[in-house]
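Residue strings, one per chain:
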Amino acid sequence: MMRNEALKEKLRGKLFLSSMMNVTDGAFCSERSGGCAMVQLGAYLAEPPMYGKIQSVLPPEREECVRFLSEECRKARSRRELSVCLNLATPRLEWGLEAAEAFREAGGDIVELNVHGGYERYLKLGLLRAMVLPENRPRLIKWLKAFSKLDIPVIVKFRMGVVPDYLSVLEEIEDLVFGVHFNIRDESSGKPDFKFAEKIRERSNLFLLVSGYVRSATDAKRLFSIGVDMVGVAEPTIKDPEFIAKIAEHLGL
């Protein structure tokens, strides 16, 4: 627990590179790591039978998976020392736990359980963002209880707008996770939903990460002023590898 608190203090008030499926591998993270306190690998899928058949599936054998993730972590940290987080999705709890353990053994710092994405095959199973729906929520709680027993901090990533009662969800999981990560992109305005972030911050003490349509230092500064703990950037870094570094410099980070 003390280790987790020290990690929170190290990350609080900082920027991070948010995961993008089939994009944020170790090399990409390294090239975009300027200004970051943390980068997110993935999303990677823990689904051994599909290895080699679809992209982003982790190697099925433990030793091979550890070796792969060790190399990803090494690449991500090749330009500067920072925390490395694995964004992870899986159709089975046991596969997810095995992948998380492999990432810990590989030198990773944090695992993020993806309860955000829209991958159709998993949505049909009641996974990803469907896990937060009332009918699937018992599974979400069961999974987070299992992940909480691992010797690596766990973040859960949600997508804003899927359900109206996120605050009640956060109350249920506050003792199970290191933190929560919300995608707060507001499609109508093309901006982060600052009011949503403010509502979550006012009602929850969980370590709070947000990302989604952060396009300027002004956006990041406003989110930090609300009390968000970490602000993430994703898509703008594809065209501009220095995008986060520029925001960090403007904010004096």
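Residues numbered from 1 in each chain as written. Predicted model: local features only at pLDDT ≥ 70, side-chain atom pairs only at ≥ 80, totals over all residues. Heavy atoms only, no water.

1. A few points about the overall build of the protein
Under the convention used in this document: Per the convention used, a helix needs a DSSP run of H or I reaching at least four residues, while a strand needs a run of E reaching at least two, with both numbered from the N terminus. Each residue's exposure class comes from its accessible area (1.4 Å probe, protein chains only) as a fraction of the maximum for that residue type: buried when under 20%, exposed when over 50%, partly exposed otherwise. To be clear on the numbers: accessible area is Shrake-Rupley with a 1.4 Å probe, and residue cover counts the displayed protein chains and nothing else. When charges are tallied, Lys and Arg are placed among the positive residues and Asp and Glu among the negative ones, while His and the ends of the chain are skipped. The location of each charge is read from NZ of Lys, CZ of Arg, CG of Asp or CD of Glu.
Helix and strand counts for the protein stand at eleven helices and ten strands. Its C-alpha atoms give the protein principal-axis dimensions of roughly 45 × 40 × 40 Å. Considering the protein as a whole, with its 253 residues, one finds that 58% of them fall into the buried category. Working note: accessible area of the protein is about 11400 Å², and carbon and sulfur atoms make up 48% of it. Each charge sign in the protein was given a centre, from 37 positive and 36 negative side chains, and these centres are 2 Å apart.

2. Some thoughts on the pattern of salt bridges
This is how it is decided: Here, a salt bridge means any side-chain nitrogen of Lys or Arg that lies within 4 Å of a carboxyl oxygen of Asp or Glu.
If you walk through the whole model with that rule in mind, you get 19 salt bridges. Taking the shortest distance from any N to any O, the salt bridge between glutamate 9 and arginine 12 comes out at 2.2 Å. A residue is classified by how much of its surface remains accessible, and glutamate 9, at 53% relative accessible area, is exposed. Residue arginine 12 is classed as partly exposed on the basis of its relative accessible area of 33%. The salt bridge partner of arginine 215 is glutamate 235, with a shortest N-O separation of 3.9 Å. Note that arginine 215 is positioned in the loop between β9 (207-211) and α9 (217-226) and glutamate 235 in the loop between β10 (230-233) and α10 (236-239), a separation of 20 residues in sequence. Classification of arginine 215 as partly exposed rests on a relative accessible area of 35%.

3. A word on empty space enclosed by the protein
Selection criterion: The method works on a 1 Å grid over the protein atoms by themselves. A cavity is a set of points holding a 1.4 Å probe that cannot get out, a pocket is an open set with protein on both sides within 12 Å along at least five of seven lines, and residues with an atom within 4 Å of a point line them. Grid points are joined across faces, edges and corners, and a volume is the space filled by probe spheres set on the points. When residues are sorted by character, Ala, Val, Leu, Ile, Met, Phe, Trp, Tyr, Cys and Pro go into the nonpolar class, Asp, Glu, Lys and Arg into the charged class, and all the rest, Gly among them, into the polar class.
The final tally for this structure, using the stated rule, is one cavity of 30 Å³ or more. Put simply, the largest cavity is a space of about 30 Å³. In terms of lining, the largest cavity is formed by Ala89, Thr90, Leu113, Asn114, Tyr122, Leu127, Leu128, Met131 and Trp143. Of the residues assigned to the lining of the largest cavity, the class counts are seven nonpolar, two polar and no charged.

By themselves, these figures tell us nothing about what the structure is for.
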